[in-house]
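The chain contents come next:
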Amino acid sequence: MNKEELDQEEKAANRLDTADPGHRHLFHLPPSDGGRYQQAAYLAGNSLGLQPLATRDELLADLDAWRRLGVEGHLEADRPWLPYHELLTAPTARLVGARPAEVVVMNSLTVNLHLLMVSFYRPVGARTRIVIEDNAFPSDSYAVRSQARFHGLDPDTTVVRLAPRPGEDTLRTVDVLDLLAAEGDTIALVLLGGVNYLTGELLDIPAITAAGRAAGAAVGWDLAHAAGNVPLSLHDWDVDFAAWCSYKYLNSGPGGLSGVFVHERHLADPTLPRFEGWWSTDAAIRFEMSPVARPPATAEAWQVSNPPIFAMGPVRTSLELFDSVGMTALRERSVRLTGYLEWLLDQITPGRQLAVVTPRDPDRRGAQLSVRIGSGSAAELTKRLRCEYGVIADAREPDIVRFAPVPLYSTYHDCWRVADALAATVEVRG
């Protein structure tokens, strides 16, 4: 596609936005740092989601309750602080396909993964190994390696890193299943990313969960890039546990709180080890100040500390958006939007050192296309895209640029701007 054809396609992108507008009007858009458009084309929601318009007023209302009521806000605020976390329970359960008793919002993601591994990583005898992706997010890698060391094990032999086949960029489900079938009696824990942060690949969560549990392993999922991105059915898929952050697709702000899922079959198991604190005990007896916790048979038993109200407010506001729009509608628009970006990239990549590494099958990806560049620095390219064209994406060095057309607020015109900017900044090879 040459420059003239790209310019013609801009009109088509605008027509698509008229027919399929999304919910951009509910969000603050950053101004453009470059190019001819006032607003940025924001394709970095897989790193940090945009701020909903409602967040500021809702957060200020919670702050005002503190100003007016002081400590009495725990019971007398319009949204009382003592049970505040319960406001997030039902919408969180709907978002991830869980029962309300199975979810709680608390802490940050890696903290929650550690708390969950206290319960579900229980090496014994020859069953000690932990399976992760070779290109897992570094925090997950650090977490499982430190868990192995905590149990007196060598992380270099305990952690099994599943890599794609030579010459491929993404895992094949069959290779995961074959490993579990062949070596499952040595595996204590499977902990994979539902959507891989680097490639955007959506793993087959139900198939891998079933295979891991059949092999006798506990199966957990890091859903940082899956929650709010793809439909999930954690209860029906029989997942043992999961955790996710809320600042990417869930738009709760930098460092936003994490969600936790624990399948109901574990909730009343008295043999399950677990770290506890004040908020782990049943709310009905919390202020009896008993020295011995009496945890409820819910995921709230994994809470340790009282919830940070001003961090919970933005999560609650965002979850209301997801409840209003619905994951089914968002997923349908995501498939259309990501497919359009893929088509545009196909028009400009011939002759350029650009290659999409995300799976082509829409059922095997979320709202992300990762592009490998053949020369130069990914960080330098994203800087040019932003400063010269107002296109905000993110880099994963040395050679991956990630574009996330988030269905809540991204547009077809944003996707067109990506292609237009890449065509202008990446030269055609002679």
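Residues numbered from 1 in each chain as written. Predicted model: local features only at pLDDT ≥ 70, side-chain atom pairs only at ≥ 80, totals over all residues. Heavy atoms only, no water.

In the annotation of an unreviewed UniProt entry, the chain is listed under the name Kynureninase and assigned to Salinispora arenicola. Entered under Sequence similarities (unreviewed entry) in the UniProt record, the comment concerning the chain runs "Belongs to the kynureninase family." The record in UniProt for the chain states the following under Function (unreviewed entry): "Catalyzes the cleavage of L-kynurenine (L-Kyn) and L-3-hydroxykynurenine (L-3OHKyn) into anthranilic acid (AA) and 3-hydroxyanthranilic acid (3-OHAA), respectively." (UniProt positions renumbered as here; feature names shortened; annotations may be inferred.)

K.L.:
Residue-level account of a nonpolar patch on the surface, with values.
P.N.:
A surface patch of nonpolar side chains, amounting to about 360 Å² of accessible area, comprises Leu-60, Leu-63, Trp-66 and Phe-310. Considering every element that reaches the nonpolar patch, the biggest residue donor is helix α2 (residues 53–69), with three residues. Tracing the chain through its elements places Trp-66 in helix α2. (Patch = residues over 30% accessible without salt bridge, like charges linked within 9 Å, V, L, I, M, F, W, Y side chains within 5 Å. Areas by Shrake-Rupley, 256 points an atom, 1.4 Å probe, with all protein chains shown as cover. Salt bridge = Lys/Arg side-chain N within 4 Å of Asp/Glu carboxyl O. Helix = DSSP H or I, 4+ residues; strand = E, 2+ residues; numbered from the N terminus.)

K.L.:
Residue-level account of the sheet that holds strand β12 (residues 394–396), with values.
P.N.:
Pairing within the open sheet is antiparallel, and its four strands lie in the order β9-β10-β13-β12. Of all the strands in the sheet, the pair left with one neighbour each is β9 (354–356) and β12. Sheet twist, expressed as the average angle between the axes of neighbouring strands with direction ignored, equals 30°. For β9 and strand β10 (residues 369–373), the ladder comprises three bridges, and the chain directions are antiparallel. Following the sheet pairing, Val-356 is matched in β10 by Val-371. Here helix α11 (residues 327–348) sits on the sheet in contact with β9, β10 and β13 (400–403), set at roughly 20° to β10. (Pairing = 2+ DSSP bridges. Axes fitted to C-alpha atoms, helices over the stretch in contact; angles between N-to-C directions. Contact = heavy atoms within 4.5 Å.)

K.L.:
Which residues make up the sheet that holds strand β8 (residues 258–262), and what values go with them?
P.N.:
The strand order across the open sheet formed by seven strands is β2-β8-β7-β6-β5-β3-β4, and the pairing between neighbours is mixed. The sheet is open, and its two borders are formed by β2 (103–106) and β4 (159–162), each paired with just one other strand. Shown here is a sheet whose adjacent strand axes are inclined to one another by a mean of 20°, direction ignored. In the sheet, strand β7 (residues 241–244) pairs with β8 via four bridges, with the strands oriented antiparallel. Residue pairing for β8: Ala-242 is matched across the bridge by Phe-261.

K.L.:
I'd like a rundown of the UniProt feature "binding site: pyridoxal 5'-phosphate" (unreviewed entry) in the chain, residues and numbers included.
P.N.:
Taking the UniProt record as the reference, the feature "binding site: pyridoxal 5'-phosphate" (unreviewed entry) is found at Leu-109, Thr-110, Phe-137, Pro-138, Ser-139, Asp-140, Asp-222, His-225, Tyr-247, Trp-278 and Asn-306. The named residues occupy 198 residues along the chain; their greatest pairwise C-alpha distance, 31.2 Å, places them well apart from one another. Restricting the annotated residues just mentioned to those that line the largest pocket leaves Leu-109, Thr-110, Phe-137, Ser-139, Asp-140, Asp-222, His-225 and Tyr-247. Within the element layout of this structure, Leu-109 appears in helix α5 (residues 109–120). On the basis of relative accessible area, Leu-109 is assigned to the buried category, the value being 12%. Among residues more than four places away in sequence, those in contact with Leu-109 are Asp-222, Ala-224, Ala-243, Trp-244, Cys-245 and Ser-258. (1 Å grid on protein atoms, 1.4 Å probe; cavity = no way out; pocket = protein on both sides within 12 Å on 5 of 7 lines; lining within 4 Å. Buried < 20%, exposed > 50% of the residue type's maximum accessible area, 1.4 Å probe, protein only.)

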